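Coordinate inspection notes
Single-letter residue listing:
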Amino acid sequence: MLRIAPKVVFATHGKTRYICPKNIKAMKQRAYTMKEIAVRYFPNITPQNASRRLRLWIQDDPQLLEELHSLGYKDSQRLLSWACTRAILKRFGDVFEEE
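The following paragraphs examine the structure supplied in this document. (Residues numbered from 1 in each chain as written. Predicted model: local features only at pLDDT ≥ 70, side-chain atom pairs only at ≥ 80, totals over all residues. Heavy atoms only, no water.)

**Considerations on the side chain of glutamine 77**
Following the sequence through the fold, glutamine 77 ends up in the loop between α3 (62–70) and β5 (79–80). Polar side-chain contacts of glutamine 77 include one of 2.9 Å to the backbone nitrogen of lysine 74. Those residues in contact with glutamine 77, other than ones at most four positions away along the chain, are Met34, Arg55 and Gly72. (Helix = DSSP H or I, 4+ residues; strand = E, 2+ residues; numbered from the N terminus. Polar contact = N/O pair within 3.5 Å; in protein donor to acceptor, adjacent residues only side chain to side chain. Contact = heavy atoms within 4.5 Å.)

**A closer look at helix α2 (residues 47–59)**
Think of an α-helix as 3.6 residues a turn; residues three or four steps apart then line up on the same face. The end-to-end C-alpha distance of α2, which contains 13 residues, comes to 18 Å, matching closely the 18 Å that a straight helix rising 1.5 Å per residue would cover. Among the residues of α2, Ala50, Ser51, Leu54, Arg55 and Ile58 are the ones counted as buried. Mapping the buried residues of α2 onto a view down its axis gives an arc of 135°, with all of them on the same face. Contacts made by the buried residues of α2 are with α1 (34–41), α3 and α4 (82–92). (Expected span 1.5 Å × (residues − 1). Buried < 20%, exposed > 50% of the residue type's maximum accessible area, 1.4 Å probe, protein only. Arc of directions from axis to C-beta.)

**Focus on the environment of alanine 50**
Within the secondary structure, alanine 50 sits in helix α2. Judged by relative accessible area, alanine 50 falls into the buried class, the value being 0%. Put simply, alanine 50 and isoleucine 37 are 13 residues apart on the chain and 8.9 Å apart in space, counted from C-alpha to C-alpha. What alanine 50 contacts, discounting residues up to four positions off in sequence, is Ala38, Val39, Phe42 and Ile45.

**Quick look at the layout of surface pockets**
Quantified by volume, the largest pocket comes out at close to 200 Å³. Around the largest pocket, the lining residues are Thr33, Met34, Lys35, Pro47, Gln48, Ser51, Arg52, Arg55 and Arg78. When contributions to the lining of the largest pocket are tallied by element, the ones reaching two or more residues are α1 and α2. Examining the composition of the lining of the largest pocket, we find that 5 residues originate from one element, α2, more than from any other. Each residue belonging to the lining of the largest pocket can be placed in one class, and the counts come to 2 nonpolar, 3 polar and 4 charged. (1 Å grid on protein atoms, 1.4 Å probe; cavity = no way out; pocket = protein on both sides within 12 Å on 5 of 7 lines; lining within 4 Å. Points joined across faces, edges and corners; volume = space filled by probe spheres on them. Nonpolar A, V, L, I, M, F, W, Y, C, P; charged D, E, K, R; others polar.)

So this is what it looks like as structure tokens:
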């Protein structure tokens, strides 16, 4: 089962944020679109092609795909839950380090 990093509250703007496991900087806990994640992995191609390529990466990884399906992921889904986002970041590496 996917474990979520411990909750850390920062004084700035009073918003709750979560620390990424590979990253000291905070990543906001929320749902992310497939396009939003894909353009981070593939910044030099169009968002549509980036999304397509990320979906192919997911389809080519049966272990990740099984984990995502257990979290409620559907193959044509555009909006990814926080748990699905974390599973992808954990498997392919954190692309939100520069935020």
